[in-house]
Amino acid sequence: MLPDRLITLLVVAGYLLALILAGAYVTRRSKGFSDYVTGGGKIPAWMLALSFMANFVSSNSFVGHAGKSFEVGLGWCVVGGFLVVACALSFTFFAPRFAEFARTNGALTLPDFFERRFGSRPLAVFVQWIVVLTTLLYVLAVLRGTALVVASGLGLSYSVALLVVYFVTIVYCLLGGLWADVLTDVVQSVVLLGGAVLLFVAVLSASPEPAAPPPPPLRPLSVAQLVAVGLSGAVKLVADPKQVMVFYAFGDGAQARRFRHFAPLLLLLVLGCLFPVGYFARSLVPFVRDVDEVVPRLVFERGLLGAAFGPIFLVALLAASMSSLDSALLVVASCLEKHVVAPLARREPSERRTRGILFLVATLVLLLSFRPLGDIVSLSTLAGALLGASLLPLLCVGLFGQPIPPRVAFLSLTLGLVGALAGKLVPLALGIRSPWLQDIFVGLLLATLPLAIHWARRPRVSASVPG
């Protein structure tokens, strides 16, 4: 094995071992289902704020979004701007209310909010299936991006890289739950920030090969397309059950408000470095078959910033991915246990069963990842459109308005899903190329329609805020 690759392997192995040890260390803190999925209200607020920021960044950002500007140009940074704004809005307005709701109602999952706010258990079950299926799409995108970079950095096949990422994620997630997620996110947030800054500096400092062919022409997106992609990602992140899990863990609104500026500012720095990377790398890697290859080729073929940067970047990518994978898998497992398995077994939610479900779900995602369903950006934006279009209007009503009848909530959810799918598939089937006919726009419009009709027909009363 070449010395550079051996060094990379040792650094990555040390990092992955540290994750496993972190999971083992916090195992003793988990004393039941509530502790496993929300930390039992014992996780310090500053750690949760860092975890929140780290959850916004994944391999989708380091590989998918960073490479996309190679094809569409600097206009792609508009999408990053939407994500930063979503982070700020989510932390400022949603976090305190979710924290207070969890404290007063004992909510542990996002479907719990719908059940207790709208008074319908079937509604909560419907929501949990939306959460499970869209989160699985997102996990598929993250796992693919992580495996691509691990394969490039360590000289492994894509299949072997998948197995490596799967094994480490499974071990420390099974051991530590949300405590392990947050503890590792604190370290990972520092690593991914350093990796993003170094990658940006390296690309700006590199010189193109003298004999390199010219890069392909840009294919810029229209304003409508940029807004659609940015909005789908932003809406998904605002309504993301991973973020809600962090909000529940704050314990009260005051703790959530204390760090409301911290995460958005850090996210602005990270995404501001990542999103233009592909554009500035056009003269460095003039030909790629897939824009998802741009960043791995920059780091491991071009050797940006020398041999030492390879291990740093690989660890940064793993940090970003693990911070999203673990919390996403925990969301799926906790929802399935709380709203499907435990009711069928007629028992209280169990930490042990949740760990078993997490193992099964992660294994299913691994098997699906051997034959990817799509590229990173496509999978993540579809997941964002389906989740955000269906849930965001109802979340806003539940947090800031008055309760509505469950039948109206069901209709809103259904129309949001149908609208997002129709906006995705119908224009392709009919050959319609209107940039404004996008899945997220159609889904949000249809999901909001029954809420607006109900609001217009009901008697005027003063608004109340959930306690």
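Since we're looking at a predicted model, the values are computed, not measured. (Residues numbered from 1 in each chain as written. Predicted model: local features only at pLDDT ≥ 70, side-chain atom pairs only at ≥ 80, totals over all residues. Heavy atoms only, no water.)

S.K.: Before we move on, can you summarise the overall build of the protein with the specific residues and values?
M.R.: Each helix and strand counted, the protein has 19 helices and zero strands in total. Considering the protein as a whole, with its 467 residues, one finds that 57% of them fall into the buried category. Pairs at least 24 residues apart make up 86% of the contacts formed inside the protein by residues separated by at least 6 positions. About 18300 Å² of surface is accessible on the protein, with carbon and sulfur atoms providing 69% of the total. (Helix = DSSP H or I, 4+ residues; strand = E, 2+ residues; numbered from the N terminus. Buried < 20%, exposed > 50% of the residue type's maximum accessible area, 1.4 Å probe, protein only. Contact = heavy atoms within 4.5 Å. Areas by Shrake-Rupley, 256 points an atom, 1.4 Å probe, with all protein chains shown as cover.)

S.K.: Please provide a residue-by-residue account of the confidence of the model for the protein, values included.
M.R.: Residues of the protein with pLDDT of at least 70 account for 88%, and the chain-wide mean is 81. Highest mean pLDDT in the protein belongs to helix 6 (residues 110-118) (91); lowest belongs to helix 1 (residues 3-26) (71). (pLDDT = per-residue confidence, 0-100.)

S.K.: Quick one: what's the story with the environment of Val418, residue by residue and with numbers?
M.R.: In this structure, Val418 sits in helix 18 (residues 406-430). With a relative accessible area of 45%, Val418 lands in the partly exposed category. Between the C-alpha atoms of Val418 and Asp439, which are 21 residues apart in sequence, the distance is 9.4 Å.

S.K.: How would you sum up the pattern of salt bridges? Please name residues and give values.
M.R.: The tally for this structure, following the rule as stated, stands at seven salt bridges. One salt bridge in this structure joins Asp112 and Lys338, with 3.0 Å as the shortest N-O distance. With Asp112 in helix 6 and Lys338 in helix 15 (residues 309-345), this pair connects stretches of sequence that are 226 residues apart. Here the two residues Asp112 and Lys338 agree in accessibility, since each one is buried. (Salt bridge = Lys/Arg side-chain N within 4 Å of Asp/Glu carboxyl O.)

S.K.: Tell me about the packing of aromatic side chains, and name the residues and values.
M.R.: For any pair of aromatic rings, the description rests on two quantities: the centre-to-centre distance and the angle between the ring planes. Here the structure, examined in full by the defined rule, presents 13 aromatic pairs. One aromatic cluster is present, built from ring pairs that chain together Phe91, Phe94, Phe98, Phe101, Phe113, Phe114, Phe118, Phe247, Tyr248, Phe250 and Phe400. (Phe/Tyr/Trp six-rings, centres within 6.5 Å; stacked < 30°, edge-to-face > 60°.)

S.K.: Can you lay out helix 18 for me, pointing to particular residues and giving the numbers?
M.R.: The end-to-end C-alpha distance of helix 18 is 35 Å, a good match for the 36 Å that 25 residues give at a rise of 1.5 Å each. At Ala422, helix 18 shows its strongest bend, of approximately 30°. Taken together, the buried positions of helix 18 are Val408, Ala409, Ser412, Leu413, Gly416, Leu417, Gly419, Ala420, Gly423 and Pro427. Gly431, located one to two residues past helix 18, shows a positive phi value of around 75°. (Expected span 1.5 Å × (residues − 1). Bend = angle between axes of the 7 residues up to and from the residue.)

S.K.: Go over the packing of helix 18 against helix 19 (residues 439-457), please, and point to the residues and values.
M.R.: One can describe the packing of helix 18 onto helix 19 by two numbers: an axis separation of 6 Å at closest approach and a directional angle of 160°. Comparing their axes, helix 19 and helix 18 come out roughly antiparallel. Here helix 18 and helix 19 pass one another in a crossing that is right-handed. Contact residues: Val408, Leu411, Ser412, Leu415, Gly416, Gly419, Ala420, Gly423 and Lys424 in helix 18; Asp439, Val442, Gly443, Leu446, Ala447, Pro450, Leu451 and His454 in helix 19. (Axes fitted to C-alpha atoms, helices over the stretch in contact; angles between N-to-C directions. Parallel < 35°, antiparallel > 145°, perpendicular 65-115°, else oblique. Left-handed = near helix turned anticlockwise from the far one by under 90°.)

S.K.: Residue-level account of a nonpolar patch on the surface, with values.
M.R.: Taken together, the side chains of Val85, Leu89, Phe93 and Phe400 define a hydrophobic patch exposed on the protein surface, amounting to about 340 Å² of accessible area. A total of three residues in the nonpolar patch trace back to one element, the largest contributor, which is helix 5 (residues 77-105). Relative to the assigned elements, Leu89 resides in helix 5. Since its relative accessible area comes to 41%, Leu89 is described here as partly exposed. (Patch = residues over 30% accessible without salt bridge, like charges linked within 9 Å, V, L, I, M, F, W, Y side chains within 5 Å.)

S.K.: With reference to specific residues and values, describe the side chain of Ser334.
M.R.: Take Ser334: it is sitting in helix 15. Separated by 3.0 Å, the side chain of Ser334 and the backbone oxygen of Val331 make a polar contact. The residues touching Ser334, leaving out its near neighbours within four places in the chain, are Phe33, Val37, Thr109, Met245 and Thr354. (Polar contact = N/O pair within 3.5 Å; in protein donor to acceptor, adjacent residues only side chain to side chain.)

S.K.: Residue-level account of helix 19, with values.
M.R.: For helix 19, which comprises 19 residues, the first-to-last C-alpha distance of 28 Å matches the rise-based estimate of 27 Å (1.5 Å per residue) to within 8%. Largest kink in helix 19: about 30°, centred on Leu449, with the proline Pro450 one to four residues after it. Within helix 19 the residues assigned to the buried category are Asp439, Ile440, Phe441, Val442, Gly443, Leu444, Ala447, Pro450, Leu451 and His454.

S.K.: Please give an account of the environment of Ala342 that cites residues and values.
M.R.: Structurally, Ala342 can be placed in helix 15. With twelve residues separating them in the primary sequence, Ala342 and Thr354 have C-alpha atoms 9.7 Å apart. Beyond its immediate sequence surroundings of up to four residues, Ala342 is in contact with Glu337, Arg347, Glu348, Pro349 and Arg353.

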